Amino acid sequence: NAGVTQTPKFQVLKTGQSMTLQCAQDMNHEYMSWYRQDPGMGLRLIHYSVGAGITDQGEVPNGYNVSRSTTEDFPLRLLSAAPSQTSVYFCASSPGTGADYGYTFGSGTRLTVV
Amino acid sequence: AQSVTQLGSHVSVSEGALVLLRCNYSSSVPPYLFWYVQYPNQGLQLLLKYTSAATLVKGINGFEAEFKKSETSFHLTKPSAHMSDAAEYFCAVSKWTNAGKSTFGDGTTLTVKP
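All values reported here derive from a predicted model rather than from experimental measurement.

Asks: Before we move on, can you summarise the state of the cysteines with the specific residues and values?
Replies: According to the stated counting rule, one finds two disulfides over all chains in the structure shown. Paired by a disulfide, A:Cys23 and A:Cys91 hold their sulfur atoms 1.9 Å apart. Measuring handedness by torsion sign, the sulfur bridge of A:Cys23 and A:Cys91 sits at about -70° and is left-handed. Taken together, the residues A:Cys23 in strand S3 (residues 19–25) and A:Cys91 in strand S9 (residues 87–94) connect sequence positions 68 residues apart. Each member of the pair, A:Cys23 as well as A:Cys91, carries the same accessibility label: buried. What pairs with B:Cys23 in a disulfide is B:Cys91, and their sulfur atoms sit 2.0 Å apart. Residues B:Cys23 and B:Cys91 are joined by a disulfide whose S-S torsion is about -65°; by sign, that bridge is left-handed. Placement of B:Cys23 in strand S3 (residues 19–27) and of B:Cys91 in strand S9 (residues 87–94) is noted, with a sequence separation of 68 residues between them. The exposure classification of B:Cys23 matches that of B:Cys91, with both residues buried.

Shown next as structure tokens:
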């Protein structure tokens, strides 16, 4: 059971480039989300999805797009990378939208924008 | 709105000493509360959660936390620290009215001295 798988683990982009961070889960979880982690700022919610075909914005959505065509996959797209998007990105999932579930996290993607 | 405040960004204890990591929450409705642990270069792992059943919650690796409504607190404790407990710890809050979205604290780094 792989859990939540994120690829790539590391990425360096030039300002203005675009890329997609991949996230896949094999637990049939309904709820998936993307967070970014910056030093001293905890985790901030970028986008989330409560099921296939349904997505919504979190706290810091600007510069990012998501889609959810299947239950398993929830990719995060950076449209035009900026140095402010240098961060560690985590994908997380839970069985449903019940607030008491808690999350399963992937191991993260460390992104540097130069 | 919901939020958590973790008091102390760094906590240092000696091996065998009591571990106490502080978390206070703010929520307009009864909250669900979580503690996660993050080891270096890894994703977050759920340690324990409070979901209104019992106020004293036991988790993995010998950790426990007590929900105190009167103090709006959910402090994490472990009677005897081990070197392997060195990590970053995050408190998080969610509520049933918020579609499962969790809000995280800024994190507390625990150092264990031999």
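Asks: Give me the lowdown on the pattern of salt bridges, citing residues and values where you can.
Replies: Per the counting criterion, the structure on display carries four salt bridges over all chains. With a shortest N-O distance of 2.9 Å, A:Arg36 and A:Asp38 are connected by a salt bridge. A single burial state applies to A:Arg36 and to A:Asp38, both of which are buried. A salt bridge links B:Asp85 to B:Lys78; the shortest N-O distance between them is 2.9 Å.

Conventions we followed
Residues numbered from 1 in each chain as written. Chains lettered and ligands numbered in written order. Predicted model: local features only at pLDDT ≥ 70, side-chain atom pairs only at ≥ 80, totals over all residues. Heavy atoms only, no water. Disulfide = S-S within 2.5 Å. Helix = DSSP H or I, 4+ residues; strand = E, 2+ residues; numbered from the N terminus. Buried < 20%, exposed > 50% of the residue type's maximum accessible area, 1.4 Å probe, protein only. Salt bridge = Lys/Arg side-chain N within 4 Å of Asp/Glu carboxyl O.

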